[in-house]
Amino acid sequence: MLSALIWMPMLGAALIGFWPKGMNPNRSRLIALVAAGAACLWTLVIVSQFNPSHVGQQFSEFIPWIETLGLNYHLGVDGLSLPLLVLNGLLTCIAIYSSDVAIQRFRLYYALVLVLSAGVAGAFLAQDLLLFFLFYELELIPLYLLIAIWGGHRRGYAATKFLIYTAISGILILASFLGIVWLSSNTSFAYDPSRTQTLPLATQALLLLMLLIGFGIKMPLVPLHTWLPDAHVEASTPVSVLLAGVLLKLGTYGLLRFGMGLFPDAWNLLGPWLATWAVVSVLYGSFTAIAQKDMKKMVAFSSIGHMGYVLLAAAAATPLSTLATVLQMVSHGLISALMFLLVGVVYKKTGSRDLDVLSGLLNPERGLPLIGSLMVLGVMASAGTPGMIGFISEFLVFRGSFPVFPVQTLLSMLGTALTAVYFLNLMNRVFFGRLSEQVINLPRVQWSDRYPAIVLAVLIVLFGIQPNWLVHWSEPTTTAMNASFPVLTLRTHNFKFVTSQEGQELFSHAFKRTLALPEIPSPMSHTP
Amino acid sequence: MNLFLFLNSWWVPFYGLIGAIVTLPWAMGTIRRTGPRPAAYFNLLMTVLAFVHSLVVLKDIWNQEPQSFLVTWLKTADLDLSFALDVSPVTVGAAVLITGLSLLAQIYTLGYMEKDWALARFFALMGFFEAALSGLALSDSLFLSYALLEMLTLSTYLLVGFWYAQPLVVTAARDAFLTKRVGDLLLLMGVVALATMAGSLNFSDLNEWAQTANLSPVNATLLGLALIAGPAGKCAQFPLHLWLDEAMEGPNPASVMRNSMVVAGGAFVLFKLQPILSLSPVALNALVVIGTVTAVGASLVSIAQIDIKRALSHSTSAYMGLVFIAVGLQQGGVALVLLFTHAIAKALLFMSAGSVIATTNTQDLTEMGGLWSRMPATTTAYIVGATGMVTLLPLGSFWAKLQWVENFITAPPWLVGVLLLVNGLTSLNLTRVFRLVFWGHSQPKTRRAPEVGWQMALPMVSLTVVTLLVPLLLQQWQLLPSWEAINRLAVVLLVASSATGLAIGSMIHLQRAWSRPIKLSWRVVQDLLSYDFYIDRLYGVTIVSAVALMSRLNAWIDRYVVDGLVNLVGLATIFGGESLKYSSSGQSQTYVLTILLGVCLLGLLVSWPLGFLIGWQF
Amino acid sequence: MVSIKNKPSNHPLAEYIQRLEAGEALLPDTADNVLEVVGILKSYGVVLDAYSRNLIYIAENQFLVLFPFFKYFNGEITPAKLLRYWWHDRINFEYAEYVMRTMLWHGTGGLDDYLDSPEFKQRAEAAIQAKLQGHPLMLGLKALFPEFLPEQVRMSCYYSALGQFWRVMSDMFLSLSDRYDKGEIQSIPQVVDHVKDALVAAAQLSITYAVKLRGKTYEIIPASAGLTFLTDTAVPYVETIFFRGTPFQGTVSYNAQAHQISPDPSRFNYGALFADPLPTGGAGIPPTLLMQDMRHFLPDYLREFYRRGRRGEDDLRVQICVSFQKSMFCVTTAAILGLMPNPGNTLLPDEQKANRVYLESWMNRFLASRLNEVNDQPNSCPVALPEWS
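Cut-offs and rules
- Residues numbered from 1 in each chain as written.
- Chains lettered and ligands numbered in written order.
- Predicted model: local features only at pLDDT ≥ 70, side-chain atom pairs only at ≥ 80, totals over all residues.
- Helix = DSSP H or I, 4+ residues; strand = E, 2+ residues; numbered from the N terminus.
- Buried ≥ 20, exposed ≤ 12 C-beta atoms within 10 Å, placed from the backbone.
- Contact = placed C-beta atoms within 7 Å.
- Nonpolar A, V, L, I, M, F, W, Y, C, P; charged D, E, K, R; others polar.
- Domains from an automatic or database assignment.
- Axes fitted to C-alpha atoms, helices over the stretch in contact; angles between N-to-C directions.
- Parallel < 35°, antiparallel > 145°, perpendicular 65-115°, else oblique.
- Left-handed = near helix turned anticlockwise from the far one by under 90°.

So, the overall build of chain B
A count of helices and strands for chain B gives 24 helices and two strands. Burial statistics for chain B: of 618 residues in total, 58% are counted as buried. The long-range share in chain B, meaning contacts at least 24 apart out of those at least 6 apart in sequence, stands at 83%.

Some words on the interface of chain C and chain B
Listed by partner, the interface residues are 47 residues for chain C and 42 residues for chain B. Contributions of two or more residues to the side of chain C that touches chain B are made by α4 (93-106), α7 (136-144), α8 (148-181) and α11 (287-295) of chain C. Looking at the side of chain C that touches chain B, its residues break down into 25 nonpolar, 16 polar and six charged.

Some points on the environment of V38 of chain C
Residue and element names in this part refer to chain C. Within the fold, V38 resides in helix α2 (residues 31-61). Residue V38 is classed as buried on the basis of its C-beta count, with 27 C-beta atoms lying within 10 Å. Each C-alpha atom of the pair V38 and S177 lies 6.0 Å from the other, and the pair is 139 residues apart in sequence. Each residue touching V38, except ones within four places of it in the same chain, is listed here: L176, S177, Y180, I185 and V191.

A few points about the domain arrangement of chain B
Residues and elements named next belong to chain B. In terms of domain boundaries, chain B breaks down into domain 1 (1-140), domain 2 (141-530), domain 3 (532-579) and domain 4 (590-618). Domain 2 and domain 3 are separated by 41 Å when their C-alpha centres are compared. Going through the elements one at a time, α11 (242-247) and α13 (281-303) are the ones with two or more residues in the side of domain 2 that touches domain 3. Along the lines of polarity and charge, the residues of the side of domain 2 that touches domain 3 split into three nonpolar, one polar and one charged.

Re the packing of helix α9 (residues 188-202) of chain C against helix α13 (residues 316-339) of chain C
When two helices pack together, you describe them by how their axes are tilted relative to each other and by the distance separating the axes. Residues and elements named next belong to chain C. The N-to-C vectors of α9 and α13 enclose an angle of 55 degrees; their axes lie 8 Å apart at closest approach. Relative to α13, the element α9 lies oblique. For the pair α9 and α13, the sense of crossing is right-handed. Where α9 abuts α13, its residues I188, V191, V192, V195, K196, L199 and V200 lie against C330, V331, T333, A334, A335, L337 and G338. Its residues assigned to classes, the contact of α9 with α13 shows eleven nonpolar, two polar and one charged.

As structure tokens, then:
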């Protein structure tokens, strides 16, 4: 059942790629849309069959694959991956729909987008560490090519940078996985949280750190982020939509699933540092976004800031904050996809993304009024205005993290005000005022340019008004993920601030103790 | 039927919302062949329904205990976000006031904006505004109130930004949003902290919690200050007051709503937060200090304004300052009465100002004069509105302020002095504006000034009547003291302060037509006041430039340090240089595959021996 | 004899002075311009016809009515029409009133002088008394606010005067269109001549205003006041609507401290010849109403012309506004030529000099106008395609 999510797009890609003759742009676009649409619908079927109250993997598929490597084809889905799968299905459809009809080398293009989607779906579904890694790497190739072939002027630079960063990320993740398997004297790569518990805390922390950096590149976290703005700026709009909407989520998903899921103790240990790291990411991304003149770069830096919230919530690891990570991932996926779509339309019509060049695009006759209105919605959603999904997800992040890391939470809340600063600046400069002379005679905006954005806008508002539809699917899973965590929070009346300083002390104390304890030796000193 | 309406009183805010949503096709320009008026009429109809509905409910529950409804919105983990609604005479009365004023303002819009093709968008925003405000009135949950305050911030942004192509609007809308956002952010911090500490965010639960809460003084103070910040932004209190001046760039009917109801919305939340604020004496003192500084400062500033809307809007800040003081002294009742009387009188003053602007095509007081005999409705509205603001005649504000003085007899006497000063200065300012606009000789721009049409005159006259009836309403609600209980000294003080203001206002020399005082010292004082003590420039060189500097520094670091380091390492340059040409040849794919394969092999090679070693050891 | 025509003027707009001296128009004579100008004047004529009828109806039948709910119905109220009006499927008569109020507010010309005369005061008083018979409340109000009702009567006078002015203009534009359809009009100078001839023909038309109250006719502007079409309506109209106008709230800040608007209305330049067409259709731009009205009556050839633009019909109102501005420059040309002190082809140096001075004084007022843009830019200019492709 789950395999279909991977193999439907793959089949589509194969059809487009190996169709003998007479493949024209329209037909390949149609096949791509059908394949992506079928996968998306299939996801919805899975959603309808999914039992939200059941904790753990559902619809598992298990096929032994390469036993010598301990690699098995093991798929499953739970409340953490389900929303992301839906997001992937939806955004793939939107990306294909909003691709340029007259795109060059269309066969390769559509095939790559489908392979990308399949790779991402596989990564979300994989219940085997090595399988996850394979899919994680699989998604890398099409994305690299999508940037390198259909990108802007500096596509070569951006694509290579992306490739190198992600390759390093892959190496670190693989190393960590191998470490997990071999250090716990196991041969299977099956996802099994129980066996990492036996490892010494220091080893766990080390393996977790590798995962953190590996997935931190993907998220991305400051200072591992510099590939992202370049990749976004050079990538075409649909690729940016996928990159921001889905691919960054692989980083956070990986952190939650493998970092938090496999190393709860080490995670707790590193928690204060992670929260501080999140603050740095949020503020750094936000401040840098303020200084940007390129709309796409601004949205890219905004992404960095908003992904920081996910780390903050994950670091706090309370039941509420873990749930908040899922919401924030979905929220960021929808909102950043919307923003990239809108910036894409502006760029397509005006040929510019420069805040100094554009102005007055709200002009109802010669500007892009509807795109401008949707931009207001996107900007407001991103800045966390109630009634849209950005608000409730950020509120849950803050509310969930505050009891554990009050100072870090308050600091990262500044990010919402800074988001308002840079996005209002964008809004007012690009859309308010008189239409600038350079863009006085723009081509018409087709309804097909608007539909994808409208769909996303509707979803943003819908989930903003009724977040239960989202919470419902994920809550049991995220609560279960926290079951193995010690209760850090003293709730209600006798609330106590755990300051970062205390957290640090806790951390260093725990770390020292771990290193000092002689009866937990390092694995190397063990003899059979 | 009445029961049905009562049970569905939560529905009141939705009328405005439905109006706004149905209006979208016109507002977004999807319907282009016919005009936007159906949207306007539909919104009017919805507002009438909301008004009638809330009126009927108010009549029903007049002598009943407050009822509350609880709608669970999101319940998850340890969080329970429910929307509590409080249906009591006070809250439903507020809803009646909001929908009623909104109705008048919307009829007024039909006239004021009759030649504006974006009428539908305006009405949609007004509907949204009304929905958020009446929701705020009924809300008994801090979470819901916070959300609605944010929606008000959004709709203020959109309403101020209504004439988006006008250069000053561009900055005004942005500044209004950001200033309020600063307040909202601090409020959100308070809300998050409170949610953690108190568990529930419903006001009734919070009140209970506040009775027993045991917070350290520092935490209580921080919490209190954070909670004050939101209303301070909404009520245009120092230091978050500048947006209201700039917001006057927006259309006048929106200013009517903003200066009467929106600022009151912020104060209403403050009123509801009173029990929590009382946990911290520092927070209460902060309220008094903020209120005093704003009340006196804004009253002074308003006297130096030459723009008719700004001359009135600064006095809004001043009156909200008085409300802040009242809440700071835990006199919530006084605060509510003052809010009520101010809202009605100020709405009327703004309607009058709007019809002056529409007739004379100017907002400059120095270019006006001699309108009184041509514009009866406008002149009457101004006079009644002005008397409703000060304490010369026993109209609304007189009784509110009387109550204030009486209740504050125990408070430090200087606070009564503040009230008298603000009252006197307001009286001076309103007299000054009256002389400039309505009295004297007509000038080129006021030479031909026919009274406005019925769409504007009707709401103006209706509200004039309502303003005159306010004392009767207060009596109905038993908010007036009995004749014997009236404190004679207080009455004398109040009347004297108004009369002094009136006397000075009618005697001072008024400059006409862009002339400036000759004496340098006066000029300095005038400039200081007319440019709001240059506080905007102060912000410019402090906060704004700090954020700008920070962002530029960050961007520089990002570009030259973080990214520079990466490039320095050289990996990117090796691969990204001219050596790779991504053309239509298939070379690139093979290249990538090679790289990728290499990477994977490398990874395996690096980790294999390690694992092998360990595996062997075990 | 050295002709002054050989010496070019030093004026920055000397090019146009030369053109006018040569009997040409302010607008270049191209085939597209003729099509646009005639086409837009045709639809403008239709709209003006409706405006004019309504203004005269309001002046005569809604005299001092406090609640003129049905003032746009011209006395004919049927359920179907009511529904249609509620749906806003109607001419935007608000624009006509806006123009009327702008003229009243600026107040130039003989009509304005007359409205301050004792004769007007007396005649208006008579009409007011007749209207208020049996309304003690209104009489009380009148006593309290003595200028209230006379000011309303002044406004009624402008309703009527503008209605009469537009009546002539409407007929003139419609007959222009008829002549174009018959092939008689083929160039811009011909358009200008048509307008000029019609203006001259109507110049001495008398402007009067009377209301009928309780069976008795009250003359408020009698023929004896000597107000005529050209000097008392056409010239003030050009002055106030073409040149001065009022600042649009959608583009100009009314903030007194910003000092964006001149304190002297005679220095306003927000009129039809100055306004930027680009914001048309947006918020706070009153002429949008007129453009919207005209879009319903575009002749097919003009609609086809607009469809060829890059945005098709999406930016119809801006395109209409651009054409409209062009046509207004033609009308202005006709007015300039018609009012020229001496014939344009005179050979006498003194007369030529007087003409030159006259034209330069006009050009001074055109300095900040859209004259250059109208001459330079075609309606839909092909801007370079985005670099993205």
